[in-house]
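Coordinates in review
This is what each chain is made of:
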Amino acid sequence: MTRARDLGIVVGERPAGPHNAITDVDGVRVGHTTLVDGDSIRTGITAVVPPRLPCPAGLFVGNGYGKMVGTTQVTELGEIETPVLLTATLSTFRVADALVTWMLRDPGRTSVNPVVAETNDGYLSDIRARPITEEHVLAALDGAAGGAPLEGAVGAGTGTGALGFKGGIGTASRVVGPYTVGVIVQSNFSGVLRVLGVPVPPSSVGVPPPPAHPGNSCVIVVATDGPFDARQLGRIARRAIFAMDRAGSDFAGGSGDYALAFSTSEGRAPESAVEPAFAGVLEAVEEALLNSLIAAPTTVGFQGHIRYGLPHDRLLQRLRDHGVSLL
């Protein structure tokens, strides 16, 4: 698996955590179930599991043309009480039901607000088949682990495409003073890719243009060990959506762009502590989006459709041609 930093592409100036991943926030775990079946199924589930529940959370909706189960209660109470699961559009509801099953392993529970978000992977996967089962969801949750998560065409990113190339799952982190901010993205949106400020349309790196339809969505999950309250976390989530612009999003009307931020700590940090977190999340989301493309290979799927991987050698040459110094 190749990441942006493996190619010498480093976003921003703030230090990353040891894995440069959302799991650098202590106790946060990530699990994937990847479904690849025949010529028509390219989909999956990605689970982000906090170390404790409930925990404070804030939500920002950049564009609401999508589905995110559980958002009204998150907004009302300022917390999440389940892991956050990512999947494909028409599997959202089966995944939510399976997440309830997982939570009801606790015999004391009588109510659950599952949090599940989606993007539409119907170009590479037969979305109407709805192949995800409870077993697949439980496997992602039970298999969630720390360390460096897999990226690219895995889990909920198996069938996605972004910015003219094959998209997927990406992650990154930043250390901001005494706190860590980590993010994970499910990239599946339109626009023209920008890498360190350089536009990289598919034609510039010898890749055929993508299908001519905009949108399809992006979901961003932000974790931090900073003791931020729900209002502050909502402000941090807003910056996560803003960071999509750095990578080249056109914020199409047909795109559902959601960011959810949660904290593993309790309390309320002073407002002066939120500003460094803003800067950290902007850098981390930009790098995570790049990782989601750089780690994803060319993928053939439903009805022979193709999403082309971003060619590393041609990308690096384009950056050099524009005077970018690589590390």
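Residues numbered from 1 in each chain as written. Predicted model: local features only at pLDDT ≥ 70, side-chain atom pairs only at ≥ 80, totals over all residues. Heavy atoms only, no water.

**Structural notes on the nonpolar core**
So the rule is basically this: Buried Ala, Val, Leu, Ile, Met, Phe, Trp, Tyr and Cys residues form a nonpolar core when they are joined through side-chain atoms within 4.5 Å. Burial classes: relative accessible area under 20% of the type maximum marks a residue as buried, over 50% as exposed, and values in between as partly exposed (1.4 Å probe, protein chains only). The secondary structure listing takes helices from DSSP runs of H or I that are at least 4 residues long and strands from runs of E that are at least 2 residues long, numbered from the N terminus. Here, residues are in contact when the closest pair of their heavy atoms is within 4.5 Å.
Counting residues in each nonpolar core, the largest one holds 53 residues, and the members touching the most others are Ile 9, Ile 220 and Ile 236. Put simply, the parts of the chain that give this core at least two residues each are strand 10 (169-176), strand 11 (179-187), strand 14 (218-224), helix 4 (230-247), strand 15 (256-263), helix 5 (271-294) and helix 6 (312-321). Ranked by the residues each element gives to this core, the list is headed by helix 5, at 13 residues. Setting aside its immediate chain neighbours within four residues, Ile 220 contacts Ile 184, Val 185, Ala 240, Ile 241, Met 244, Tyr 258, Ala 259, Leu 260 and Val 285. Residues Val 48, Leu 59, Val 84 and Ala 156 belong to the second largest nonpolar core, which totals 25 residues.

**Structural notes on the pattern of salt bridges**
The condition that has to hold: Salt bridge, as used here: a side-chain nitrogen of Lys or Arg that lies within 4 Å of a carboxyl oxygen of Asp or Glu.
Within this structure, the stated rule accounts for 14 salt bridges. Here Arg 235 ties to Glu 271 by a salt bridge, and the two come within 3.1 Å at their closest N and O atoms. Of the two residues, Arg 235 sits in helix 4 while Glu 271 sits in helix 5, which places them 36 residues apart along the sequence. Residue class for Arg 235 comes out partly exposed when judged on its relative accessible area of 26%.

**Looking at the packing of aromatic side chains**
Selection rule: Aromatic rings from Phe, Tyr and Trp, with only the six-membered ring used for Trp, were paired whenever their centres fell within 6.5 Å, and each pair was classed as stacked if the ring planes differed by under 30 degrees, edge-to-face if by over 60, and tilted otherwise. Note on geometry: a ring has a charge over it if NZ (lysine) or CZ (arginine) is within 6 Å of the ring centre and within 35 degrees of the ring normal.
Taken as a whole and judged by the stated rule, the model has two aromatic pairs. Each ring, one from Phe 60 and one from Phe 242, has its centre 6.4 Å from the other, and the planes form 75°; the classification is edge-to-face. Separated by 182 residues along the polypeptide, Phe 60 in strand 3 (residues 55-64) and Phe 242 in helix 4 bring together distant segments of the chain. Judged by relative accessible area, Phe 60 falls into the partly exposed class, the value being 21%. With relative accessibility at 41%, the residue Phe 242 sits in the partly exposed group. Their ring planes at 75° and their centres at 5.7 Å tell us that Tyr 179 and Phe 228 sit as a pair that is edge-to-face. Of the two residues, Tyr 179 is situated in strand 11 and Phe 228 in the loop between strand 14 and helix 4; the sequence distance between them amounts to 49 residues. Across the pair, exposure class does not vary: Tyr 179 and Phe 228 are buried alike. Geometry around Phe 278 places Arg 239 over its ring, the cationic atom sitting 3.9 Å from the centre.

**Quick notes on helix 3 (residues 134-142)**
Quick note on the threshold: Throughout, the arc means that of the directions going from the helix axis to the C-beta atoms.
Listing the buried residues of helix 3 in full gives Val 137, Leu 138, Ala 140 and Leu 141. For helix 3, the buried positions fall inside an angular range of 160° around the axis, keeping them on one side. On its buried face, helix 3 sits against strand 1 (29-37), strand 2 (41-49), strand 6 (84-88) and helix 2 (92-103).

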